[in-house]
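Observations on the three-dimensional arrangement
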Amino acid sequence: MFESLIGLVAIIALFVIISRQQSRIGLVERELGALRSLVLSGAVPPVAKPSEQAAADSVLADVTPAVAATADVTSPAVSEEATTQAPGTEAEAPAGEVVSGPWAAGEAAPKAAEPAGPAAVAKAARQSDVETALGTRWAVWVGGIALALGGLFLIRYTIEAGIFGPGVRLTMAGLLGLVLVAGGEFIRRTGFKVPVQGAAGAYIPAILTAAGAFILFGTVYAAHGIYGFIGPALAFTLLGAIGVATIAAALVHGQALAGIGLIGAMVTPMLIASQAPNPWALFGYLSIVLAATGVIARMRDWKLLMAAAFFGTGVWTILYMTDAPGANLSTILFIDAVTLAVLALVWLGRRGNEAGPARAFDWPSIVPGLFVAFSALGLSVDPVFAAAGDALPGAVLIAAMVAVALYRPLALPLLHAAGLATVLIYLGIIPPTSIASDFSGSALSVNGLPVATSNALTLRIGIVLGLVFIGAGFWAARRFAAATWVRAASWAAWGVIAPLVILLALWFTFGNLDRDFVYAAVAALLVVVFAAGGEWIARSEEPPLKGGVAVSFALSGAAIAGLLMLHMAFDSGWTTILLGAAAIVPALATRWRSYPVLGWISVGAAIAVLGRVAFDPTIVGTELLSTTPVFNWLLPGYGIPALAFGFAAWQLARTTNGRPRLAMEAAAALFALLTLAMLVRHAMHGGVINSTAPTLAEQAIYTLIAIGAGAILVAIDRRSPSSVLRYGSMAAGVVSVAFVVIQHFLVLNPLFTDESTGQIPVFNLLFLAYLLPAVAAGGLALYARGKRPKWYSAMLALVAALLAFAYATLSVRRLFKGEFIGLWSGLGQLETYTYSALWLVIGVALLTAGVWLKSQVLRVASAALIAVAVLKVFIFDMSELEGVLRALSFIGLGAVLIGIGLFYQRLLTRAAKGS
């Protein structure tokens, strides 16, 4: 079935080719006749108009990139032959022109005098592409596949028919393969060149050579694996030789043939089975294939071929390492060393020192970096290798990768691979984070076994690798700081990341988590080294002291090392305080250096403090927090960071005045509010912070703090305008309104909770929770008018009116019910009437205040309240009240409504007279 399909495709292709060639021959003959007539008559071809010439130039400009892309995949030999012409033959085409195929000119000749529009040119190009694909590429590809399969089918036929013995059949197949290879070489040497633009992918000599190599591979494998004519050693040698020879033949036949040879060479060890496999023979063979491929790939700059060779070698290495008990360490180190040597000395031999910004790295280097790093990781983490002491060779591989990346700047992926391997290795020695904790008792325990074994060797290796990354990282970052910022940033980043991870892992594994001055001293040393390294890099920038990405990484590493130092040397309370105070240091440094990262380091300190207080709001733990109001650990734990953040914002406003300054202003305002809130909570709960939900009295203080913070931020913003202060003040107002709606009116309302309102008639819980917030919200609404959006002032005014209404209503309730005013105690008739009268009085008062203050919100609130009173009188009072109280309710309502009507009539009359 498959043979029939191939034959049918071949017949159709040949038929189309023959028919097209006949028409083209006729066109060429007519073109030659026309040219001969022009030459004999002495006529000059008409000159194209300027517009037509411009259109033709644009078409040529569009076609040129496609031709250049095609020429990139053309065999070097073909390119050389196509560009080298013998004297007296074809005339050289001008630079930038595209030489048409043999039939394209013939078809265009009869219409030479007609203007060729873009549509006609595009149509001709499409027709030419279809013809080229069918007549030159598809036919050659199908023919090459047919030849390769034909050889296999011939062997199959002889087997089925029993015509020849196995030896004769294999000999015939081998001869066929050699004939195809020789035929391809013969055609190439006889001056073959691609006849048509776009047919470079159908280079006939390469197709024939590939088919021959395919048949030779199958012949040798059949001789060994099926018939057993040759032993594994000879079969291995022959298959390897065919693969290497095929790769070498790619120098004259193109990259595709090299890929076929590389696949055959990499599959050879899998095809040849052995009872006692020798790893040295395997990896010696792979090293020869890798080196040969590297030489050929470098000569032709074939990146894909080089990456494929590294990939195949790496896969074999990893597969060998999976058999950890039987793996030979020497062979693993040997093949990894060969991989790095081929990368550094062969593949990057001519381009390794390119340091221009155009090429930050060489992408084929990603593949060896990945596999060598995986080898180093396996030697260090796998229990079998680690128990055998192979962690040291793994560290040597990491150091070798750093050295190669340092020696060849384009091998930058090796640095990233080495850094990632180091980080994974030392994160693996930390015990798993199966943490059992009791936050109420501040007890913390870490259980579990480490992923990788840790011992004194791990400690020493960590120190050495940390020094390697610091030294190489900062030296290379300074080297590339002025030329290639990507390389400089990469080296500086790993120069701080790897040592910090190593220090953290060693501290968790070998140090004292409560307090360890030895590791704290190491962290302090890293602070100095990283800060000095950042300054050293900055001096080599262009312009100097610019503070680029590499400097930012170095100084950020110094900040993180300082954070670790505080955690290692001090307890929880002092760590929080000192960390907050440390935000001043980078802000002060902006007086001498204008590095953009300095302000963000201050912001990072603020974020770290916020994270600490979120983890432990008591600062020092519940058992160590004093019950003394105000003067306890909460005051410095929240207050000192608030002051430090405020000073940092003040300093940044005078030096950088950018986004970090705004963030520090917000942090200062936040911690100022947290200081007051935590002190209030501590005092009102007897020194207990993590108690149940707050009481209404405590919540009232929080609400007053939020409203006061909003007023303070508005006042500060008036003196020193800032977007943080502007939006922060509005956020404080919105938060205070949310407190009132959710807590005061719903959750903590004594009408629902039956909480004690106190025994004092006036200065009780209602006074604190409703009247004072009403006055504060009203005052802020009045103060914010004209300084904040209209909706903001209206929102505060409405909340103030509702709080005043709630205070008056609940005070009436307390007058009738006493200390406890729960709703379930019922309503009396006199109490019901009093509510109606009170609401009408409040409505009139709101109306008067709205007119006096020219506040539409208050007038609308008065109208709404009076409407509620009207509904209450007509619906509730009519059914619940009796006798004189019912009559007085309606009389009072009528009097108030008439009075309001008269009041509005006078207002309208005055307005009409004034207009």
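1. Regarding the overall build of the chain
Regarding its fold elements, the chain presents 33 helices and 2 strands. The buried share of the chain, reckoned over its 915 residues, is 42%. A separation of at least 24 residues holds for 72% of the contacts in the chain among residues at least 6 apart in sequence.

2. Some words on the confidence of the model for the chain
When pLDDT is averaged along the chain, the result is 74, and 65% of the positions lie at 70 or above. Long-range and interchain partners of residues 1-19, a stretch whose pLDDT sits below 50, account for 10 contacts in this model, where long-range means more than four residues apart. Confidence over residues 130-139 falls short of pLDDT 50; this stretch has 24 contacts with residues more than four positions distant or in other chains.

3. Overview of the pattern of salt bridges
Should the charged atoms of two oppositely charged side chains come close, the side chains can pair. Counted by the stated rule, this structure contains 6 salt bridges. Of the charged contacts in the structure, one is a salt bridge between Asp301 and Lys303, with a shortest N-O distance of 3.3 Å. You can call Asp301 partly exposed: its relative accessible area is 35%. Here Lys303 falls in the partly exposed class, since its relative accessible area comes to 24%. A salt bridge links Glu535 to Arg593; the nearest nitrogen and oxygen atoms lie 2.7 Å apart. Of this pair, Glu535 sits in helix α19 (residues 517-538) while Arg593 is found in the loop between α22 (584-589) and α23 (596-615), placing the two residues 58 residues apart along the sequence. Of the residues examined, Arg593 reaches a relative accessible area of 24% and is grouped as partly exposed. Via salt bridges that share partners, Glu535, Arg539 and Arg593 belong to a single interconnected network.

4. Overview of unusual backbone geometry
In this structure, Pro543 follows Glu542 across a cis peptide bond, with omega equal to 0 degrees. With respect to the helices and strands, the residue Pro543 is situated in the loop between α19 and α20 (549-569). Located in the positive-phi region is Asp754, a residue other than glycine, with phi close to 60 degrees. Counting through the fold element by element, Asp754 comes out in the loop between α28 (750-753) and α29 (765-784). The partly exposed category is assigned to Asp754, whose relative accessible area is 23%.

5. Brief notes about α23
Taking 1.5 Å of rise per residue, 20 residues should cover 28 Å, and α23 covers 30 Å from first to last C-alpha, within 8% of that figure. Of the residues making up α23, those classed as buried are Val597, Leu598, Gly599, Ile601, Ser602, Val603, Ala605, Ala606, Val609, Arg612 and Val613. Structurally, α23 contributes buried residues whose contacts are with α20, α21 (572-581), α22, α24 (634-655) and α25 (659-684).

6. Things to note about the packing of helix α30 (residues 790-817) against helix α31 (residues 829-853)
Two elements in contact, α30 and α31, have axes whose closest approach is 10 Å; the angle formed by their N-to-C orientations is 155 degrees. By the criterion of interaxial angle, the relationship of α30 to α31 is roughly antiparallel. For the pair α30 and α31, the sense of crossing is right-handed. Between α30 and α31, the contacting residues are Ala801, Phe805, Ala808, Thr809, Val812, Arg813, Phe816 and Lys817 on the first element and Leu830, Glu831, Thr834, Tyr835, Leu838, Trp839, Ile842 and Leu846 on the second. Classifying every residue of the contact of α30 with α31 by side-chain character gives 11 nonpolar, 2 polar and 3 charged.

7. Describing the packing of aromatic side chains
What the rule picks out here adds up to 10 aromatic pairs. With 6.5 Å between their ring centres and 40 degrees between their planes, Tyr638 and Phe671 make a pair best called tilted. With Tyr638 in helix α24 and Phe671 in helix α25, the pair connects residues that are 33 residues apart, well separated along the chain. Through a chain of ring-to-ring contacts, the aromatic side chains of Tyr638, Phe645 and Phe671 assemble into a single cluster. Between the NZ or CZ atom of Arg487 and the centre of the ring of Phe480, over which it lies, the distance is 5.5 Å. Here Lys787 stacks its cationic end above the ring of Tyr783, 4.5 Å away from the centre of that ring.

8. Focus on the side chain of Thr757
Its location among the elements puts Thr757 in the loop between α28 and α29. Of the residues examined, Thr757 reaches a relative accessible area of 1% and is grouped as buried. Of note is the side chain of Thr757, whose polar atom sits 3.1 Å from the side chain of Arg814. Separated by 2.7 Å, the side chain of Thr757 and the backbone oxygen of Glu819 make a polar contact. Setting aside anything within four residues of it in sequence, one finds Thr757 in contact with Pro750, Asn764, Leu765, Leu766, Arg814, Gly818, Glu819 and Ile821.

9. Some remarks on the environment of Leu379
Among the structural elements, Leu379 can be located in helix α13 (residues 366-381). It is 7.4 Å that separates the C-alpha atoms of Leu379 and Pro393, two residues lying 14 residues apart in sequence. With residues up to four places along the chain from it excluded, the contact list for Leu379 reads Met321, Leu329, Leu333, Phe385, Ala386, Asp390, Ala391, Pro393, Gly394 and Leu397.

10. Notes on α31
Taking 1.5 Å as the rise per residue, α31 with 25 residues should run 36 Å; its terminal C-alpha atoms sit 36 Å apart, in good agreement. Every buried residue belonging to α31 is among Glu831, Thr832, Tyr835, Ser836, Leu838, Trp839, Leu840, Ile842, Gly843, Leu846, Leu847 and Gly850, and all of these are buried. At the exit of α31 stands Lys854, carrying a positive phi of roughly 55 degrees.

11. Observations regarding the nonpolar core
Within the largest apolar cluster, 106 residues are counted, with the highest numbers of intra-cluster contacts made by Tyr426, Trp491 and Phe530. The element that contributes the greatest number of residues to this core is helix α18 (residues 485-510), accounting for 13 residues. Here Trp491 is in contact with Val402, Ala405, Leu406, Leu412, Leu415, Ala472, Gly473, Ala476, Ala477 and Phe480, once residues within four sequence places are set aside. Counting residues in each nonpolar core, the second largest holds 31 residues, with Val737, Phe745, Ala806 and Ile821 among its members.

About the criteria used
- Residues numbered from 1 in each chain as written.
- Predicted model: local features only at pLDDT ≥ 70, side-chain atom pairs only at ≥ 80, totals over all residues.
- Heavy atoms only, no water.
- Helix = DSSP H or I, 4+ residues; strand = E, 2+ residues; numbered from the N terminus.
- Buried < 20%, exposed > 50% of the residue type's maximum accessible area, 1.4 Å probe, protein only.
- Contact = heavy atoms within 4.5 Å.
- pLDDT = per-residue confidence, 0-100.
- Salt bridge = Lys/Arg side-chain N within 4 Å of Asp/Glu carboxyl O.
- Expected span 1.5 Å × (residues − 1).
- Axes fitted to C-alpha atoms, helices over the stretch in contact; angles between N-to-C directions.
- Parallel < 35°, antiparallel > 145°, perpendicular 65-115°, else oblique.
- Left-handed = near helix turned anticlockwise from the far one by under 90°.
- Nonpolar A, V, L, I, M, F, W, Y, C, P; charged D, E, K, R; others polar.
- Phe/Tyr/Trp six-rings, centres within 6.5 Å; stacked < 30°, edge-to-face > 60°.
- Lys NZ or Arg CZ within 6 Å of the ring centre and 35° of its normal.
- Polar contact = N/O pair within 3.5 Å; in protein donor to acceptor, adjacent residues only side chain to side chain.
- Core = buried A, V, L, I, M, F, W, Y, C linked by side-chain atoms within 4.5 Å.

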